[in-house]
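Close look at the chain arrangement
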Amino acid sequence: MRILVSGPTGSGKTTQATLLSKYLRLPFIGVGRMLRDEAEKGTNNGLKVQIAMKKGTLVDDAVVARVVKKRVGLPDCQDGFIMDGFPRSLSQLKHFDPNYDHVFSLDISDKEAAKRLLKRGREDDTPALIKKRLEIYHRFTEPVLSWYMKKGILDKVNGEMRIEKVHQTIKERILKK
Ligand code: AMP
């Protein structure tokens, strides 16, 4: 089973994708983490990634698509995977389509997202960068979710509930399929 957990920054998608990956015993693929690792390498691509992250913008489509495609092509992904963070735009989907069976989107208000992120305090969790990431989500990622909605594989979950409750809801929806 190939599952995407999507949602704005601060919606808890990494937390939920990790819990789901343990429950289903499928590999977790965290694109943000993979890109941060890439940035630390100091290669040409790494530099591009660093710049995008500093600006709060999306990393180049071709770079992300290549990293993701390579990862899902590894043998441990044969029976499926839980993806956190790809695609974040329709253009990325054109570069590489992971062929999801099921897509979850965690719904949360911008206000709640910003509140949570300011508490988390990662390097890119400044008010200006949070605002930028939320804008990009609405502009580029929401159209991807509309596309999955039309395909009939989108499942919206209230991301403002407690972590365990969100996890429970996701599990129930998977079992219903
Ligand atoms: P995250 O850890 O998911 O919040 O991602 C952190 C940062 O990584 C984002 O702000 C983007 O700069 C970058 N990023 C993550 N996923 C993607 C993606 N699919 N496409 C482009 N950039 C991404």
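Described below are features of the structure shown in this document.

Quick look at the pattern of salt bridges
Overall, the coordinates contain twelve salt bridges when judged by the stated rule. Note that Asp124 and Arg122 form a salt bridge whose closest N and O atoms lie 2.8 Å from each other. You can call Asp124 buried: its relative accessible area is 12%. Overall, the relative accessible area of 30% leaves Arg122 in the partly exposed class. The shortest N-O distance in the salt bridge between Lys131 and Glu135 comes to 3.6 Å. Residue Lys131 and its partner Glu135 are both found in helix H7 (residues 127-151); the two are separated by four residues, about one turn of the helix. Taking relative accessible area as the criterion, Glu135 reaches 41% and is therefore assigned partly exposed. Within the structure, one salt-bridge network assembled from shared partners comprises Arg120, Arg122, Asp124, Asp125 and Arg133.

Describing the site of the ligand
With respect to spatial proximity, 16 residues lie near the ligand, and among them Thr57, Val59, Gly85, Arg88 and Gln92 are the closest. The side chain of Gln92 places a nitrogen or oxygen atom 2.6 Å from a nitrogen atom of the ligand. One of the side-chain N or O atoms of Arg122 is found 3.3 Å from an oxygen atom in the ligand. The fraction of the free accessible surface of the ligand (470 Å²) that becomes covered by protein chains is 97%.

Notes on helix H2 (residues 31-40)
Every buried residue belonging to H2 is among Val31, Met34, Leu35, Glu38 and Ala39, and all of these are buried. Within H2, the buried residues cover an arc of 145° as seen down the axis, which keeps them to one side. On the buried face of H2, the contacting elements are strand E2 (28-30), helix H3 (44-55), helix H4 (61-72) and strand E3 (81-84).

What counts, and where the lines are drawn
Residues numbered from 1 in each chain as written. Predicted model: local features only at pLDDT ≥ 70, side-chain atom pairs only at ≥ 80, totals over all residues. Heavy atoms only, no water. Salt bridge = Lys/Arg side-chain N within 4 Å of Asp/Glu carboxyl O. Buried < 20%, exposed > 50% of the residue type's maximum accessible area, 1.4 Å probe, protein only. Helix = DSSP H or I, 4+ residues; strand = E, 2+ residues; numbered from the N terminus. Near = heavy atom within 4 Å. Polar contact = N/O pair within 3.5 Å; in protein donor to acceptor, adjacent residues only side chain to side chain. Areas by Shrake-Rupley, 256 points an atom, 1.4 Å probe, with all protein chains shown as cover. Arc of directions from axis to C-beta. Contact = heavy atoms within 4.5 Å.

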